[in-house]
Amino acid sequence: MVGLFKKPKRHLKKLLKDGEYDEAVAFGTNLESEYSNDPDFMFIMGSVYFIVDDAQKALPYFEKAFQLDNNDVEVLTLKTNVHLALQQKDEAIDCCVRIIELQPKNSEAKKLLDELESL
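Residues numbered from 1 in each chain as written. Predicted model: local features only at pLDDT ≥ 70, side-chain atom pairs only at ≥ 80, totals over all residues. Heavy atoms only, no water.

**Student:** Describe the overall build of the protein, with residues and values.
**Tutor:** Counting its regular elements, the protein contains eight helices and zero strands. Listed N to C, the secondary structure of the protein is α-α-α-α-α-α-α-α in terms of helices and strands. Projected onto its principal axes, the C-alpha coordinates of the protein cover approximately 50 × 25 × 25 Å. Looking at the 119 residues of the protein, the share that counts as buried comes to 38%. Taking as baseline every contact in the protein between residues at least 6 positions apart, the subset at least 24 positions apart corresponds to 44%. Accessible surface, the protein: about 7,400 Å² in total, of which carbon and sulfur atoms supply 49%. Here the protein carries 15 positive and 22 negative side-chain charges, and the mean point of each set is 7 Å from the other. (Helix = DSSP H or I, 4+ residues; strand = E, 2+ residues; numbered from the N terminus. Buried < 20%, exposed > 50% of the residue type's maximum accessible area, 1.4 Å probe, protein only. Contact = heavy atoms within 4.5 Å. Areas by Shrake-Rupley, 256 points an atom, 1.4 Å probe, with all protein chains shown as cover. Lys, Arg positive; Asp, Glu negative; His and termini not counted. Charge placed at Lys NZ, Arg CZ, Asp CG, Glu CD.)

Below, the structure written as structure tokens:
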């Protein structure tokens, strides 16, 4: 149990992996002030909220994670999915463009961008 307090992000990931989403939200909320400038933490918390179908709450975490590390394609990918869930087409397009800038061969982002621009 002592290790839990030494590696709180690891514990948060374990809760997420084990499907303990309510516990993950509660635990992560308690850690938020301490890890507010940690892009990995923000990514994990955004993921928790996205998994429980709360895209509105997930978005600020992904935006903060992207602000802290604007070269993370995985953050951008999930941020794109959140924008799509919230029916924010223009924001999703912006994310796809950024993904393609970072990974020019990313076929998924290219395909999605083509689909969104044709709507």
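After that view, the rundown keeps rolling.
**Student:** Let's hear about the confidence of the model for the protein: which residues, and what values?
**Tutor:** Looking at the protein, pLDDT values average 93 and 95% of them are 70 or higher. Taken element by element, the predicted model of the protein shows its lowest mean pLDDT in helix H1 (residues 2–6) (51) and its highest in helix H7 (residues 89–102) (98). (pLDDT = per-residue confidence, 0-100.)

**Student:** I'd like to hear about the environment of Lys9, residue by residue, with values.
**Tutor:** Topologically, Lys9 is positioned in helix H2 (residues 8–17). Counting along the chain gives 19 residues from Lys9 to Gly28, while the straight-line C-alpha distance between them is 8.4 Å. Residues within four places of Lys9 in sequence aside, it is in contact with Tyr35, Asp38, Asp40, Phe41 and Ile44. Within polar-contact distance, the side chain of Lys9 engages the side chain of Asp38 at 2.7 Å. (Polar contact = N/O pair within 3.5 Å; in protein donor to acceptor, adjacent residues only side chain to side chain.)

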